[in-house]
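One letter stands for each residue in the lines below.
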Amino acid sequence: MFILVNLKAYPCDPIEVATAARDVAEASGARIAVSPQAADVARVADTGVETWGQHVSPNAHGSHTGSTLAEAVADNGAEGTLINHSENRLKLADVDGSVRAAERADLETIVCANNPAQVGAAAALGPDAVAVEPPELIGGDVSVATADPGIVEDAVAAAEAVDPAVDVFCGAGVSTGEDVSTAGELGAAGVLLASGVAKADDPEAVLEDLVSGI
Ligand SMILES: O=C[C@H](O)COP(=O)(O)O
């Protein structure tokens, strides 16, 4: 199970979380990555933790003011990127363009989706993985794998039907090792989480609990 911690725009210290994630990953052997604000990618990557972008734009180099260039994200140390997060939705053509931009920059990709139908559509674009996140459960206290296990199983089936090579993650409300374990039992290859770590008083303790569920 891959644990991807999205820091969103939370007022946490990205270096504190990144350092904790690096240490827990090294001690446990678990794959843990941190996805900070674009402006923090380089200094988070400098900690040695696996680092992901929160978004890349569909454009290449050129006259695109305000874009998040995939090549710049990669050059600053990121190994992958989220695309189409629930809080940063894109048009279908731009999801496709962002996946292609990430591929050009050798970034691994996870395309986010609200439900199994969108998971199937996202899988058809050929990302490395898709993540199913019911928007109403994001930021809550109950894991998607507990609140709505059927949506995870249906998402796994939807991706499998389109492209068996595309992994499925689940996210929303994940904060414990038990949540990670349950997600794995439902067929998820990883979890996408944010508030459980970014808002924690002791991010390292939460990460240690999370990896206990792998
Ligand atoms: O990117 C992370 C997801 O939106 C889940 O957020 P959450 O763990 O705060 O529910």
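What counts and how
Going along each chain's sequence as written, the residues are numbered from 1 onward. Given that this is a predicted model, residues contribute local features only at a pLDDT of at least 70 and side-chain atom pairs are listed and counted only at 80 or more, while totals for whole chains, interfaces and linings are drawn from all residues. As a rule here, side-chain values come from all non-hydrogen atoms in the structure, and water together with hydrogens is ignored. Nearness is judged by heavy atoms alone; a residue qualifies as near a molecule or strand once a single heavy atom is within 4 Å of it. A 3.5 Å cut-off defines polar contacts: any pair of N or O atoms within that distance qualifies, except that in protein one atom must be a possible hydrogen donor and the other a possible acceptor, and neighbouring residues in sequence count only when both atoms are side-chain atoms. Only the protein chains shown count as cover for residues, with accessible areas throughout obtained via the Shrake-Rupley method and a probe of 1.4 Å. Polar here means any residue outside two lists: the nonpolar Ala, Val, Leu, Ile, Met, Phe, Trp, Tyr, Cys and Pro, and the charged Asp, Glu, Lys and Arg; Gly therefore counts as polar. UniProt positions are given in the numbering used here, feature names are shortened, and annotations may be inferred rather than shown by experiment. Strands here mean DSSP runs of E at least two residues long; helices mean DSSP runs of H or I at least four residues long; both are numbered from the N terminus. Between two residues, a contact is recorded if the distance between any of their heavy atoms is within 4.5 Å. Each residue gets one of three labels from its accessible area relative to the maximum for its type: buried under 20%, exposed over 50%, partly exposed in between, using a 1.4 Å probe on protein chains only. The definition of a right-handed crossover adopted here requires that, viewed with the strands pointing away, the path from the first strand over the helix to the second runs clockwise. One speaks of a salt bridge when a side-chain nitrogen belonging to Lys or Arg is within 4 Å of a carboxyl oxygen belonging to Asp or Glu. Each pair of aromatic rings taken from Phe, Tyr and Trp, with Trp reduced to its six-membered ring, is defined by centres within 6.5 Å and is described as stacked if the planes are under 30 degrees apart, edge-to-face if over 60, and tilted in the remaining cases. The rule for a charge over a ring is simple: NZ of Lys or CZ of Arg within 6 Å of the ring centre, and within 35 degrees of the ring normal. By definition here, a helix of n residues has an expected span of 1.5 Å times n minus one. Picture the helix axis, draw a direction to every C-beta atom, and the arc is the one those directions span.

1. What about the site of the ligand?
At step 1: Around the ligand lies a shell formed by Asn6, Lys8, His85, Glu133, Ile138, Gly139, Ala172, Gly173, Leu192, Leu193, Ala194 and Ser195.
At step 2: Asn6 is positioned with one of its side-chain polar atoms (N or O) 2.9 Å from an oxygen atom of the ligand.
At step 3: The side chain of Lys8 places a nitrogen or oxygen atom 2.9 Å from an oxygen atom of the ligand.
At step 4: Here the ligand has 300 Å² of accessible area as a free molecule, and 100% of this is covered by the chains.
At step 5: Per-class residue counts for the shell around the ligand are five nonpolar, five polar and two charged.

2. Comments concerning the UniProt feature "binding site: substrate" (unreviewed entry) in the protein chain
At step 1: Taking the UniProt record as the reference, the feature "binding site: substrate" (unreviewed entry) is found at Asn6, Leu7, Lys8, Ile138, Gly173, Ala194 and Ser195. Of the residues just listed, which span 190 residues, no C-alpha pair is farther apart than 14.2 Å, and they cluster in one region.
At step 2: Position of Ala194 relative to the elements: it lies in the loop between strand S8 (190-193) and helix H9 (195-198).
At step 3: Among residues more than four places away in sequence, those in contact with Ala194 are Asn6, Lys8 and Tyr10.
At step 4: Judged by relative accessible area, which is 17%, Ser195 ranks as buried.
At step 5: When neighbours within four sequence positions are excluded, Ser195 is seen to be in contact with Tyr10, Gly139 and Ala200.

3. What to know about unusual backbone geometry
At step 1: One non-glycine residue, Lys8, lies in positive phi territory at about 45°.
At step 2: Inspection of the secondary structure puts Lys8 in the loop between strand S1 (2-6) and helix H1 (14-28).
At step 3: On the basis of relative accessible area, Lys8 is assigned to the buried category, the value being 13%.
At step 4: For Asn84, which is not a glycine, the phi torsion comes out positive at approximately 65°.
At step 5: Tracing the backbone shows Asn84 in the loop between strand S4 (80-83) and helix H4 (92-104).
At step 6: Taking relative accessible area as the criterion, Asn84 reaches 8% and is therefore assigned buried.

4. Comments concerning the pairing of S4
At step 1: Neither face of S4 is left uncovered, since the one carrying Gly80 and Leu82 and the one carrying Thr81 and Ile83 both have all their residues buried.
At step 2: Viewed along the sheet, the connection from strand S3 (residues 50-53) through helix H3 (residues 70-75) into S4 turns out right-handed.

5. Observations concerning the pattern of salt bridges
At step 1: Taken as a whole and assessed by the stated rule, the structure comprises eight salt bridges.
At step 2: A salt bridge links Arg22 to Asp23, with the shortest nitrogen-to-oxygen separation between them at 3.0 Å.
At step 3: Salt bridges sharing common partners tie together Arg31, Glu50 and Glu108.

6. Side note on the packing of aromatic side chains
Two descriptors summarise a pair of aromatic rings, namely the distance from one centre to the other and the angle between the planes of the rings.
At step 1: Here the structure, examined in full by the defined rule, presents two aromatic pairs.
At step 2: Counting every residue linked through ring pairs, the aromatic cluster contains Phe2, Trp52 and Phe169.
At step 3: Of note, Arg31 hangs over the ring of Phe2, and the distance from its end group to the ring centre comes to 3.9 Å.

7. Some thoughts on helix H7 (residues 149-162)
Spacing of three or four residues puts side chains on the same side of an α-helix, whose turn is 3.6 residues.
At step 1: Taking 1.5 Å of rise per residue, the 14 residues of H7 would be expected to cover 20 Å, and the 21 Å separating its terminal C-alpha atoms lies within 8% of that figure.
At step 2: Among all positions in H7, only Ile151, Val152, Ala155, Ala158 and Ala159 are buried. An end-on view of H7 places all buried positions within 125° of arc, on one side of the element.
At step 3: Contact partners of the buried residues in H7: helix H5 (116-123), strand S6 (129-132), helix H6 (144-147) and strand S7 (167-171).

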